[in-house]
Amino acid sequence: MAIHTILQQIISAKESGKKLFAQLIDPDKIEGYDHLYEVARNAVDAKVDFFFFGGSLVWKPEPFDMVSTLRNMCNIPVVLFPSSPMQLRKGADAILFISLISGRNAEYLIGHHITAAPYLKNSGMEILPTGYILVHTGQTTTAQYISNTSPIPANKPEIAAATALAGEMLGMKLMYLDAGSGAVDTVSPRMVKAVHDMTSVPIIVGGGVRTPLQVRALHDAGADVVVIGTVAEENPHILSALCTHKVN
C-alpha cells in the first residue's frame, strides 16, 4: 500500500477524476483458504482498489484469520465494513466507521461506536468516518432488517442529498449509498447525482451492481467508489469486466 492514507487516496482520486472499485467480502461466503486465495487472485487481476470486509449478519465461525491471510495474499488494502462491534478484528488497514444516518436507531447512529471507540483507538487502523445511507430499491435487505431502520425511498433523491449534506456538516469524510447486498437494483444514478451536487466528500455506492453499464452510469453520476459484491461471488470472472468498464 502507498504511504498515503486510504482517505487521502480516495480524495486524490476524486479530485483527479479517477474512479475506484471495492470488492465486498462476506466472511460467511468464504468456503476455505483456497477459495479466499481465488478471490484475492481475481481481485488482483481485475485491479480492485480495496476489499471491504464484513456483512450485515455474520454468523459462521471463521476457520482461520481471514483478514490477516488476505493481507498476506496480496497488496490490496483491507477495510473493515462491520455492522456491529462483534465484527471488529485486528489486522485490517482501515475501518469504515459508519453511522447509519438514514435511520433513527440510536445504536447504529452512535451507540455501537461508543463501544468500539476504545478498541479502535489502540488498533492501529485508519478510521474512516462514514455516513451510511440505506436506499430502498425493491425488497427488504438484511441491513434494513438487522438495523431496524427504514431506508430512503428510491424516488426521493432530495432526501438522500439533504441527509448526506447533514452528515458532511457533522464531519463525516465519506458518504456510502447502499441498496444492500443482493439488491434487485442499484441506487439510481439520479440519487447519486443529487448527493454529488449537494456535497463535496467522496461518494461510495454499493448494492445491486451487476453490469458494466450500471458501473459506468454510477461513476458518471458522481460515485467515486463502486462496490462489487454478490455478482463477484456468483461469477468471479465478471469482476475484470466490471472494473474496466468493458461493455459487451
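One can find the structure itself at the top, above this paragraph.
It should be emphasised that the depicted structure is a prediction, and the values quoted were computed from it without experimental measurement. (Residues numbered from 1 in each chain as written. Predicted model: local features only at pLDDT ≥ 70, side-chain atom pairs only at ≥ 80, totals over all residues. Heavy atoms only, no water.)

Q: Mind showing me how you'd approach the overall build of the protein here?
A: Scanning the protein for helices and strands turns up 10 helices and 9 strands. Whereas a compact globule of 248 residues would reach a radius of gyration of roughly 18 Å, the protein reaches 17 Å, a difference of no more than 12%. Considered along the principal axes of its C-alpha atoms, the protein spans approximately 45 × 45 × 35 Å. Pairs at least 24 apart in sequence give 71% of the contacts found in the protein among residues at least 6 apart. When the accessible area of the protein is evaluated, it comes to approximately 11600 Å², of which 55% is carbon and sulfur surface. Of the side chains in the protein, 19 bear a positive and 22 a negative charge, and the two mean positions are spaced by 4 Å. (Helix = DSSP H or I, 4+ residues; strand = E, 2+ residues; numbered from the N terminus. Rg over C-alpha atoms; globule rule 2.2 N^0.38 Å. Contact = heavy atoms within 4.5 Å. Areas by Shrake-Rupley, 256 points an atom, 1.4 Å probe, with all protein chains shown as cover. Lys, Arg positive; Asp, Glu negative; His and termini not counted. Charge placed at Lys NZ, Arg CZ, Asp CG, Glu CD.)

Q: Is there a simple way to think about the nonpolar core in this case?
A: One broad trend across soluble globular proteins is that nonpolar side chains are buried collectively. Counting 57 residues, the largest nonpolar core has Phe51 and Ile228 as the members making the most contacts within it. Broken down by element, the residue count for this core peaks at 5 residues, all from helix 2 (residues 33–46). Every residue in contact with Phe51, bar those within four places of it in the chain, is listed here: Gln23, Ile25, Val39, Ala40, Ala43, Leu70, Cys74, Ile76, Pro77, Val78 and Val79. If you look at the next biggest cluster of nonpolar residues, it comprises 25 residues, including Ala13, Ala22, Leu24 and Phe81. (Core = buried A, V, L, I, M, F, W, Y, C linked by side-chain atoms within 4.5 Å. Buried < 20%, exposed > 50% of the residue type's maximum accessible area, 1.4 Å probe, protein only.)

Q: Hey, could you run me through the packing of aromatic side chains in this one?
A: Within a pair of aromatic rings, the relevant descriptors are the distance that separates the centres and the angle that separates the planes. Going through the model one piece at a time under the given rule, you end up with 6 aromatic pairs. When the ring of Tyr132 is compared with that of Tyr176, the centres are 5.3 Å apart and the planes differ by 80°; the resulting orientation is edge-to-face. Of this pair, Tyr132 sits in strand 5 (residues 126–136) while Tyr176 sits in strand 7 (residues 174–178), and the two are 44 residues apart along the sequence. Its relative accessible area of 1% is what places Tyr176 among the buried residues. Chaining the aromatic ring pairs together yields one cluster made of Phe52, Phe81, Tyr132 and Tyr176. (Phe/Tyr/Trp six-rings, centres within 6.5 Å; stacked < 30°, edge-to-face > 60°.)

Q: Help me out: how do you make sense of the pairing of strand 9 (residues 225–228) in this one?
A: Regular strands place their side chains on alternate faces of the sheet. A two-sided burial pattern is seen for strand 9, the buried positions comprising Val225 and Val227 on one face and Val226 and Ile228 on the other. In terms of strand pairing, strand 1 (residues 20–25) meets strand 9 through 4 bridges, oriented parallel. Among the inter-strand pairings, Gln23 is bridged to a residue of strand 9, identified as Ile228. Pairing analysis gives 3 bridges linking strand 8 (residues 203–206) to strand 9, with the strands arranged parallel. Pairing of Val205 across the sheet is with Val226, part of strand 9. Between the parallel pair strand 8 and strand 9, the chain is carried across by helix 8 (residues 212–221), and the sense of this crossover is right-handed. (Pairing = 2+ DSSP bridges. Right-handed = clockwise from strand over helix to strand, strands pointing away.)

Q: Can you help me understand unusual backbone geometry in this one?
A: Backbone geometry follows two general trends: most residues other than glycine have a negative phi, and most peptide bonds adopt the trans configuration. Look at Lys47: it is not a glycine, yet its phi comes out positive at around 60°. You can see Lys47 is positioned in the loop between helix 2 and strand 2 (50–53). Exposure remark for Lys47: the relative accessible area of 66% places this residue in the exposed category. Notably, Asn148 is not glycine yet its phi reads approximately 55°, a positive angle. Residue classification places Asn148 among the exposed positions, given a relative accessible area of 65%.

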